[in-house]
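Single-letter residue listing:
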Amino acid sequence: MASAALTYMDLSNNALEGDVPVLPAQLRLLNLSNNELDGTVAGPLPGSLETFDVSYNSLTGPLPSDLSTATNLTLMDVSYNDLQGQLLAEFPPKLLVLDVSHNQLTGSPPAILPDILHYLNAGHNKLSGSLPSVTPDSLLRFLYLNSNNLTGRLPASLINGSAPLLFMNLHNNRLSGRLDGSEAVSGTAGAAGNITGRKLLLRNVISSVADSGLTAISLHNRMGLTRTGGA
């Protein structure tokens, strides 16, 4: 008989300190949110991992440097930490939800976001450079890049309706140029719609990952619906 392997670990809402260690090889779900972790995130992440939530801690250092091994990762939430370094250079192939907001990340967003991505929140960082483009085939519905140092013009795909976005929040950057589709962008609508957007996304994510067995940790908690604080 095969030996048992740890696949689910929820240690959220405690007072744990230190680093995020190397994770068990068979782990599918990790929730360490709302602790007092003040170290770094060890990598690489195991290939079996589908949910990685270390939000609301005091973690430092870079994001995991090599996510090519995280081939099944669908949700990654590292928001509300003190992480430095670059945003992901390469996204895991199945990643649907990425929240890196409220950190100290620098560098530029990728020129083109992966079509499979549903939700990206990189607000309240130190990102610079230009906005990413979103293709007409993209599944992205929620884009938050507010409170960064982004410059340049709005890509046409973000204002002409070709990108299938529901919510976009780009306020408090250094964007310039002509806005021909002003109804497509609202610095206040994105912020006000944050909770509503997350609730809508919750339904989409539940539908998208229902077959993956990720029901042990509440998606409610993982999307931050019970937390306080802005996007």
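One can find the structure itself at the top, above this paragraph.
Reading guide: rules and limits
- Residues numbered from 1 in each chain as written.
- Predicted model: local features only at pLDDT ≥ 70, side-chain atom pairs only at ≥ 80, totals over all residues.
- Heavy atoms only, no water.
- Salt bridge = Lys/Arg side-chain N within 4 Å of Asp/Glu carboxyl O.
- Helix = DSSP H or I, 4+ residues; strand = E, 2+ residues; numbered from the N terminus.
- Buried < 20%, exposed > 50% of the residue type's maximum accessible area, 1.4 Å probe, protein only.
- Polar contact = N/O pair within 3.5 Å; in protein donor to acceptor, adjacent residues only side chain to side chain.
- Core = buried A, V, L, I, M, F, W, Y, C linked by side-chain atoms within 4.5 Å.
- Contact = heavy atoms within 4.5 Å.
- Pairing = 2+ DSSP bridges.

> I'd like a rundown of the pattern of salt bridges, residues and numbers included.
Enumeration according to the criterion identifies one salt bridge in this entry. Note that Glu 50 is salt-bridged to Arg 28, the shortest N-O span being 3.0 Å. Note that Glu 50 is positioned in the loop between β2 (29-31) and β3 (51-53) and Arg 28 in the loop between β1 (8-10) and β2, a separation of 22 residues in sequence.

> Describe the side chain of Asp 77, listing the residues and the values that go with them.
Take Asp 77: it is sitting in strand β4 (residues 75-77). Residue classification places Asp 77 among the buried positions, given a relative accessible area of 2%. Engagement of the side chain of Asp 77 in a polar contact is seen with the side chain of Ser 79, the distance being 2.7 Å.

> Would you mind going over the nonpolar core in detail, with residue names and values included?
By size, the foremost hydrophobic cluster in this structure holds 45 residues, and its most contacted members are Val 20, Phe 52, Met 76, Leu 98 and Leu 143. Listed in part, the seven residues of the second largest apolar core include Leu 96, Phe 142, Tyr 144 and Phe 167.

> Give a description of the environment of Pro 132 that names residues and reports values.
Within the fold, Pro 132 resides in the loop between β9 (128-129) and β10 (142-144). Each residue touching Pro 132, except ones within four places of it in the same chain, is listed here: Pro 109, Pro 110, Ala 111, Leu 113, Leu 145, Pro 155 and Leu 158.

> Kindly report on the sheet that holds strand β13 (residues 174-175), identifying the contributing residues and their values.
Pairing between the strands of a sheet comes from backbone hydrogen bonds, and it takes one of two forms, parallel or antiparallel. Read from one edge of the open sheet, three strands run β9-β11-β13, paired in parallel fashion. Edge strands, defined here as strands with exactly one partner in the open sheet, are β9 and β13. One ladder, built from two bridges, connects strand β11 (residues 149-152) with β13; its direction is parallel. Across the sheet, residue Thr 151 finds its bridge partner in β13, namely Arg 174.

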